[in-house]
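Next come the chains, spelled out residue by residue.
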Amino acid sequence: MDGRYVFFKVPETDTSINVDLTPLLLQDETLMNLVVGAVQPVTPTPLTATLQSAVTNPKAMILTVGGQNGVSYGLNLTLTTNARVLVVSVAITAQDPSFVPYVTENPEAYTDLVDTIEAGNAAIGTTVFAFPGNMDPSGGFVVWELLASDGTVYAAGNAFSYVVQSTGLTNMVIAQSVVTVPATVPPSLEGQKYQLRYTLELPQTIGAQIDPTTGSAAQSRFYQFENLRVVGLNTVPLGTQPQAELQGVAATLSICVDKPYDNVTLEIGYGSQQVAAQTPITEFERTSNGYVFSGVVPTASFTVSLEPYTVIWKYWANNNAAMVYQESADLWIINPSIMTAVGDVKAKIAKARATLYGSPDLLFPTPTILTWLRRGMDAFNGAYGQFTSFTMTNARGPIREYWLLYAELAAIQSQYLAEGEKAFNYQGAAISLEVDRTQYLETAARDIQSRLDSEIKDVKVNLIIKGNTSGDGSADPTKLQTGAIGAVGISITPASMWGRFSPGYGLSVGGGVANSY
């Protein structure tokens, strides 16, 4: 056999398949003739294959008609070139797409030993049955089943190729099957595998027992097994996750639940207000470990803020309407300025983290950094009792710098606790191993705190003196803002000849704020 191709079609429909035979031809080799062989097996609803392209065209187009649901068919293509004769095997599986939701990434890609396969994919499996030389296994058929440890059959099918080969000492049955793994199959756990069982049925064989009822030889059944590991590329954790979206970009909000509930709704709140009414969500997608319900929300009318919106999911079954489950997650609506701030924080605290340590809880996703930026905003606005109300939606200059320092301090302190839980020390007879990164985090946090203690109070006082106490943080902190005269305060007392001797007379510039400076 010089080549093999795998295709899928919907039963009882006309489907054209394209078989590119060019890679099989050598340099300067020309296709002279192409013959399509008979389709096997023969079923009540047969599958027929007819060559539509020219017999000399190496990119063959074959029209397939009919086919019975769940049956795999095989046929041979005989190629005659100017130098040799080639035989190509083509496998065609008739499968209703609404029954088993699987797809193949490449119809020409396959593995002989399945071993590992992604949920929602397919591969070619080859099995061999060996018999004594005096036993003829002709006329049988092979089926395959994907089994779990509890006996659950997740998928099954038939072999599209059944070939008997004789070595003089043994007769071997070589069967090939298209093994399909539906997307609903849960991924294998660590150290566990599914079982792929091949069953060979022989109608009348030497050594078969006689059925006392019919007086004829009973069917003989033989088995082959292969361990199969299923990898789920589309695994989605149960529940909902926080996320961030740029203002104006439609936000796709989703939740993964354990079963397709009859009622799933989505609503959005901001503070104590509801900004998006409860909306039913009906569209869902099956994954390897649950059902994902998704809804798209336009964000053009949402306000950019470091205070997140709250996405509230509710779901319940009709037969138990009193049991309503509820989950929530944060939704940040940000702008390019905040996105840049996220990148600045990540560049400092996650320089080695993303590549050196792969633990998910040691990484810094955008929603986590936005949490620290929000807390950093609150810490800056309330620092040392000098209250301000910056929103930081477009912070610049020193305001932005000290805001980011507060966020980085919160991030490093949080990381300090996580690293403390993971630190360990091992002392052996000849080996000593210690993993503890908390000392570096503690040093970094102490340096930031020291800088804030020595600088932020003067910065806040100067901002208040100049009337720069609110806004998005983009105002120039060196310039007086509108209304600053009220903050500075100017009072003129009556003139007196004693003015240069007594502090109670003359011109004084100050006020409540200035005097406290």
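Shown above is the structure to which this text applies.
For clarity, every value in this text was computed on a predicted model and none was experimentally measured.

S.K.: Any chance you could explain the environment of Trp 403 here in plain terms?
M.R.: Inspection of the secondary structure puts Trp 403 in helix H4 (residues 397-422). Overall, the relative accessible area of 1% leaves Trp 403 in the buried class. Considered as a pair, Trp 403 and Ala 341 are 62 residues apart in the sequence and their alpha carbons are 9.7 Å apart. Filtering out sequence-adjacent residues up to four positions away, Trp 403 remains in contact with Leu 306, Ala 341, Leu 373, Gly 376, Met 377, Phe 380, Met 392 and Ala 395.

S.K.: Teacher, can you tell me more about empty space enclosed by the protein here?
M.R.: One way to see where empty space is left: roll a probe the size of a water molecule over the atoms. Enumeration over the complete set of coordinates arrives at one cavity of 30 Å³ or more. In this structure, the largest cavity spans a volume of roughly 50 Å³. Among the secondary structure elements, those contributing two or more residues to the lining of the largest cavity are strand S11 (153-166) and strand S12 (170-181). By residue class, the composition of the lining of the largest cavity is three nonpolar, six polar and no charged.

S.K.: When you look at the side chain of Ser 177 in this model, what are you seeing that I'm missing?
M.R.: Tracing the backbone through its elements, the reader meets Ser 177 in strand S12. A relative accessible area of 0% places Ser 177 in the buried class. What Ser 177 contacts, discounting residues up to four positions off in sequence, is Ala 123, Ile 124, Gly 125, Trp 144, Asn 158, Ala 159, Phe 160 and Tyr 198.

S.K.: Mind showing me how you'd approach the layout of surface pockets here?
M.R.: In this structure, the largest pocket spans a volume of roughly 490 Å³. Lining the largest pocket are 22 residues; nearest its centre among them are Gln 40, Phe 160, Ser 161, Tyr 162 and Val 163. Per element, the largest residue contribution to the lining of the largest pocket is seven residues, and it comes from S11. Each residue belonging to the lining of the largest pocket can be placed in one class, and the counts come to 11 nonpolar, 10 polar and one charged.

S.K.: Please explain the packing of aromatic side chains as it appears in this structure.
M.R.: Pairs of aromatic rings are described using the distance from one ring centre to the other and the angle between the two planes. Per the counting criterion, the structure on display carries 11 aromatic pairs. Residues Tyr 223 and Phe 225 carry aromatic rings whose centres are separated by 6.2 Å and whose planes lie at 20° to one another, so their mutual orientation is stacked. Under the relative-accessibility criterion, Phe 225 is labelled partly exposed at 48%. For the pair Tyr 261 and Tyr 315, a centre-to-centre distance of 4.9 Å together with 55° between the ring planes defines the contact as tilted. Here Tyr 261 is found in the loop between strand S16 (251-257) and strand S17 (263-270), whereas its partner Tyr 315 is found in strand S21 (residues 309-316), with 54 residues between them in sequence. In this pair, the class of Tyr 261 matches that of Tyr 315, namely buried. Ring pairing ties together the aromatic residues Tyr 261, Tyr 315 and Tyr 325, which thus form one cluster. Its end group placed over the ring of Phe 380, Lys 460 keeps NZ or CZ at 5.2 Å from the ring centre.

S.K.: I tried to follow the pattern of salt bridges on my own but got confused; where do I start?
M.R.: Between side chains of opposite charge, a pair can form as their charged atoms come close. A complete count under the given rule lists seven salt bridges for this structure. Among the ionic pairs, Glu 267 bridges to Lys 314, the shortest N-O distance being 3.5 Å. Residue Glu 267 is located in strand S17, and its partner Lys 314 is located in strand S21; the two are separated by 47 residues in the primary sequence. Linked through salt bridges whose partners overlap, the residues forming this network are Glu 401, Arg 451 and Glu 455.

Basis of the calculations
- Residue positions are counted from 1 within each chain, in the order its sequence is given.
- Given that the model is predicted, a residue must reach a pLDDT of at least 70 before its local features are reported, and side-chain atom pairs must reach 80 or more before they are shown or counted; all residues, however, enter totals for whole chains, interfaces and linings.
- Side-chain figures throughout are based on the complete set of non-hydrogen atoms in the structure, without hydrogens or water.
- Helix numbers and strand numbers start at the N terminus; a helix is a DSSP run of H or I with at least 4 residues, a strand a run of E with at least 2.
- Buried residues are those whose accessible area, probed at 1.4 Å on protein chains only, stays under 20% of the maximum for their type, while exposed residues exceed 50% and partly exposed ones sit between those limits.
- Any pair of residues with heavy atoms lying within 4.5 Å of one another is described as a contacting pair.
- Definitions used for this entry: grid spacing 1 Å over protein atoms alone; cavity, a set of points where a 1.4 Å probe fits but cannot get out; pocket, an open set with protein on both sides within 12 Å along at least 5 of 7 lines; lining residue, one with an atom within 4 Å of a point.
- Grid points are joined across faces, edges and corners, and a volume is the space filled by probe spheres set on the points.
- The nonpolar class holds Ala, Val, Leu, Ile, Met, Phe, Trp, Tyr, Cys and Pro. Asp, Glu, Lys and Arg form the charged class, and all remaining residues, Gly among them, are polar.
- Classification of ring pairs uses Phe, Tyr and Trp, with its six-membered ring standing for Trp, and accepts pairs whose centres are within 6.5 Å; under 30 degrees between planes counts as stacked, over 60 as edge-to-face, and the remaining range as tilted.
- A ring is considered to have a charge above it if a Lys NZ or an Arg CZ atom is located within 6 Å of its centre and within 35 degrees of its normal.
- Salt bridges are defined by distance alone: a side-chain nitrogen of Lys or Arg within 4 Å of a carboxyl oxygen of Asp or Glu.

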